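Descriptive analysis of the structure
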Amino acid sequence: MSIHVVFSAECNHAMTWQAAGLFHSHRAVGQPGNITRLLACSEEQRADYRGMELGPTFVHHNMRHGHPLIDEVGYPSYNKPASVMFWLEAVEPEEEFIALLDTDMLLRAPLDPTALGATRGRVVSAEYAYLVGTEKPFASRFLEAEAVPLAARCGGFHIFHREDLRRIAPLWIEYTRRVRAFAKAEPDAYMDESFQDWAAKKGTVSAADASVKRSQALWQAEMYGYAFAAASVGVSTIVRGDTMLYPGYVPSPLALPSILHYGTDFYLERQLPGTLPRGIFGEHAPAAGASREQSHIYFNKMALTSLDLFACAASSRRLERRAGSESGGSRGFFFFPLPPPEEQLHGRSLRDLLALQHLRLLNEAFCGVYNAHCPRGEAGVACPDVAAPVARHWSRKPVGRLDPRSPLVSYWDEASCGPRGDDAVSRATAECGGEGYSVVARVPSD
């Protein structure tokens, strides 16, 4: 079923290369439906901005700089609800369902809103268990008693029915404003009631750490804004733990994600030991005698805030001089380094394979931008090999039952479904009605 994917971004270098990745992944997985970047950009910024042509874009006021609907400046997370509110006021999307993603996300499989459980009156989102303020006593400060049970610990992505989003978006802004106002007026109560484990641990935290925690808690206000807004209009939320994953995290063996959210850093081994690992879902130990920096590739999006794809090779050279880092660049163009081709599949864990897919998708996106905007003669920019040895084996065709002794290199077509009749995944098949078999493959012997 088609779905309109939207994502909120600002007109800066970091969110531009991230947008390139999300636009590319939308095409690569064949996601049914349209995609639109919701770009918070002032007139002055837009005059000098390169990157408008990356994909369909709706430009709106940047809430970071204030707005009559809010009473502060400097909190860019207002852009998430405001962007969809402004967009729906100006545009009538043809799709019934809308997926709101973050810029630092990639699609690795198509999203099907109805298969995931979205319907009118019910949103689908990812589990953010640390949002303890969605329960009493904190939620009761903002919601009527009958609405409190509808407030969900969720965030990341949201899949809405179009008409639910129309109702929720303006209230999302308003409840975010109220939460932040309360946090500033009653900082101790806010921390005790909304920040996980704070009441029990605050006496043992240093002043410096306490300051960091308070800043983190204030940043969470927008997520509470959604939870309270949806609950206030009677919209429930399905909280899924199988649809989104941070690259570098260990996936569930029963359901691999459709969304990769690269909001955290991770290490990836360059070369594996000669024998297959005992467990297939985790990270190997570093090779004997090698430091982690020597034996692993390190990813952290925060190290690339100044990466300007449209500066072409010049941006990569500046990054490497500043950070003293390597890249997988070709003739100076920045690409993420990858293990040698022969080390990208055989013996890799599911965790590694997903991290590799994330890096390859971004490299493919960068390659497309460079070849479109950085003239290099008739041959174009020499990009890393995009005929991914990983991708050849990530089939969508059901090929058999789960063998827990075999390394798996493929994903589950239906996020909550497993192979029919397999006791190990029987609890995951209830929603599938006997359909949607898992996709399981063994690492080829050759």
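In this text, all values refer to a predicted model and were calculated from it rather than measured experimentally. Numbering of residues starts from 1 in each chain and follows the order in which that chain's sequence is written. A pLDDT threshold of at least 70 governs which residues receive local features in this predicted model, and a stricter bar of 80 or more applies before side-chain atom pairs are shown or counted, although totals over entire chains, interfaces and linings include all residues. Side-chain metrics rest on all non-hydrogen atoms present in the structure, leaving aside hydrogens and water.

Next up on the list: the overall build of the chain. To qualify as a helix, a DSSP run of H or I must reach at least 4 residues; to qualify as a strand, a run of E must reach at least 2; elements of each kind are numbered from the N terminus. Of regular secondary structure, the chain possesses twelve helices and twelve strands. Categorising residues by exposure relies on relative accessible area from a 1.4 Å probe, with only protein chains included: less than 20% of the type maximum marks a residue as buried, more than 50% marks it as exposed, and the intermediate range marks it as partly exposed. Taking all 446 residues of the chain together, 53% fall into the buried category. We call two residues contacting when some pair of their heavy atoms lies within 4.5 Å. Put simply, 72% of the contacts in the chain that link residues at least 6 apart link residues at least 24 apart. Residue-level accessible areas treat just the shown protein chains as cover; the underlying method is Shrake-Rupley with a 1.4 Å probe. For the chain, the exposed area adds up to about 19,500 Å²; of that, 51% sits on carbon and sulfur atoms.

Quick look at the sheet that holds strand β5 (residues 105-107) now. A strand pair is defined by DSSP finding two or more bridges across the two strands. Spatially, three strands are ordered β5-β10-β9 in an open sheet, and the strand pairing comes out mixed. What marks the edges here is a single partner per strand, and that holds for β5 and β9 (244-245). On the sheet, helix α12 (residues 350-373) packs against β5, β9 and β10 (259-261) and is oriented at approximately 95° with respect to β5. Here an axis means a line fitted to C-alpha atoms, over the contact stretch when the element is a helix, while the angle between two N-to-C directions is reported on a 0 to 180 degree scale.

Attention shifts here to the packing of aromatic side chains. Each pair of aromatic rings is reported with the distance of its centres and the angle of its planes. Whether two aromatic rings pair depends on their centres lying within 6.5 Å, for rings of Phe, Tyr and Trp, where Trp uses its six-membered ring; planes under 30 degrees apart make the pair stacked, over 60 edge-to-face, and the rest tilted. Throughout the structure, instances matching the rule amount to 31 aromatic pairs. On the basis of an interplanar angle of 65° and a centroid distance of 5.5 Å, the ring pair of Phe 138 and Tyr 224 is categorised as edge-to-face. Here Phe 138, found in the loop between β6 (122-127) and β7 (154-161), pairs with Tyr 224, found in helix α9 (residues 221-232); they are 86 residues apart in sequence, far enough to count as distant. For the pair Phe 138 and Tyr 224, a shared accessibility class is recorded, and that class is buried. Relative to Tyr 298, the ring of Tyr 267 has its centre 4.7 Å away and its plane inclined at 40°; by these criteria the two rings are tilted. Here Tyr 267, found in strand β11 (residues 266-269), pairs with Tyr 298, found in strand β12 (residues 296-299); they are 31 residues apart in sequence, far enough to count as distant. Here a set of aromatic residues connected by ring pairs shows up, and it is made of Trp 17, Tyr 262, Phe 266, Phe 299, Phe 333, Phe 334, Phe 335, Phe 336, Phe 366 and Tyr 370. Should the NZ of a Lys or the CZ of an Arg lie within 6 Å of a ring centre and within 35 degrees of the ring normal, that charge is described as sitting over the ring. For Arg 178, the ring lying beneath its charged end belongs to Tyr 175, and the centroid distance is 4.8 Å. If you follow Arg 180 out to its NZ or CZ, it ends over the ring of Tyr 75, 3.7 Å from the centre.

The side chains of a regular strand alternate between the sheet's two faces. The buried count for strand β2 (residues 35-40) comes to six of six residues, which makes it a mostly enclosed element. Neither face of β2 is open: one carries Ile 35, Arg 37 and Leu 39, the other Thr 36, Leu 38 and Ala 40, and all of them are buried. When strand β1 (residues 4-10) meets β2, the two strands line up parallel, connected through six bridges. Bridge pairing links Glu 10 to Ala 40 in β2. Whether a crossover is right-handed depends on one test, that the path from the first strand over the helix to the second runs clockwise when the strands point away from the viewer. With respect to chirality, the unit in which β1 leads through helix α1 (residues 13-28) into the neighbouring parallel β2 is right-handed. Of the pairings in the sheet, the one linking β2 to strand β3 (residues 57-60) comprises four bridges and is parallel in character.

So, on to the nonpolar core. Nonpolar side chains in soluble globular proteins tend to be buried together. One finds Leu 101, Phe 228 and Phe 366 to be the most contacted residues of the largest nonpolar core, which totals 115 residues. Considering each element in turn, this core owes the most residues, ten residues, to α12. The nonpolar core is taken to be a set of buried Ala, Val, Leu, Ile, Met, Phe, Trp, Tyr and Cys residues, with the residues joined through side-chain atoms within 4.5 Å.

This part is about the packing of helix α6 (residues 187-194) against helix α8 (residues 207-219). Two numbers describe how α6 lies on α8: the axes approach to 11 Å, and their chain directions differ by 75°. With respect to α8, the element α6 is oriented roughly perpendicular. Note on element contacts: α8 touches α6 through Lys 213, Arg 214, Ala 217 and Leu 218, opposite Pro 187, Asp 188, Tyr 190 and Met 191. Under this grouping Gly is polar, as are all residues other than the nonpolar Ala, Val, Leu, Ile, Met, Phe, Trp, Tyr, Cys and Pro and the charged Asp, Glu, Lys and Arg. When its residues are assigned to classes, the contact of α6 with α8 shows five nonpolar, no polar and three charged. Should an angle fall under 35 degrees it is called roughly parallel, over 145 degrees roughly antiparallel, and 65 to 115 degrees roughly perpendicular, with every other angle called oblique.

What follows deals with the state of the cysteines. Any pair of cysteine sulfurs within 2.5 Å is marked as a disulfide. Enumeration over the complete set of coordinates arrives at three disulfides. Note on cysteine connectivity: Cys 11 is disulfide-linked to Cys 41, with sulfurs 2.2 Å apart. The disulfide joining Cys 11 to Cys 41 has a torsion of about 100° about its S-S bond and is therefore right-handed. One end of the pair, Cys 11, is in the loop between β1 and α1; the other, Cys 41, is in the loop between β2 and α2 (43-48), and 30 residues separate them in sequence. We classify Cys 41 as buried; its relative accessible area is 6%. The disulfide partner of Cys 312 is Cys 374, and the S-S distance across this bridge is 1.8 Å. Given an S-S torsion of about -85°, the disulfide between Cys 312 and Cys 374 has left-handed geometry. Of this pair, Cys 312 sits in the loop between β12 and α11 (313-323) while Cys 374 sits in the segment after α12, and the two are 62 residues apart along the sequence. There is no split in this pair, since Cys 312 and Cys 374 are both buried.

Moving on, we get to the pattern of salt bridges. Salt-bridge detection follows one rule: a side-chain nitrogen of Lys or Arg within 4 Å of a carboxyl oxygen of Asp or Glu. Within this structure, the stated rule accounts for 23 salt bridges. Close ionic contact of Asp 242 with Arg 240 constitutes a salt bridge, the shortest N to O distance being 2.8 Å. Side by side, Asp 242 and Arg 240 carry an identical accessibility label, which is buried. Overlapping salt bridges bring together Asp 71, Glu 174, Arg 177 and Arg 178 as one network.

The quantity called pLDDT is the predictor's confidence in a given residue, expressed from 0 to 100. Of the residues in the chain, 75% reach a pLDDT of 70 or more, and the chain-wide mean stands at 81. Note that residues 275-286 has pLDDT below 50 and, in this model, 33 contacts with residues that lie over four places away or in other chains. Contacts of residues 387-446 to residues separated by more than four positions or lying in other chains number 118 contacts, the stretch itself having pLDDT below 50.

The next subject is the sheet that holds strand β4 (residues 97-102). Ordered by their spatial adjacency, seven strands build an open sheet running β3-β2-β1-β4-β7-β6-β8, and the pairing between neighbours is mixed. Either end of the sheet is taken by a strand with one partner, and the two such strands are β3 and β8 (236-240). Strand-to-strand twist across the sheet, computed as the mean angle between neighbouring axes with direction ignored, equals 25°. Alignment of β6 against β8, held across five bridges, turns out to be parallel. Looking at β8, one finds that Ser 125 is bridged to Val 239. Helix α3 (residues 79-90) contacts β1, β2, β3, β4 and β7 of the sheet and is inclined by roughly 125° relative to β1. On top of the sheet, α9 reaches β6, β7 and β8; it is set at about 35° to β7, its chief contact.

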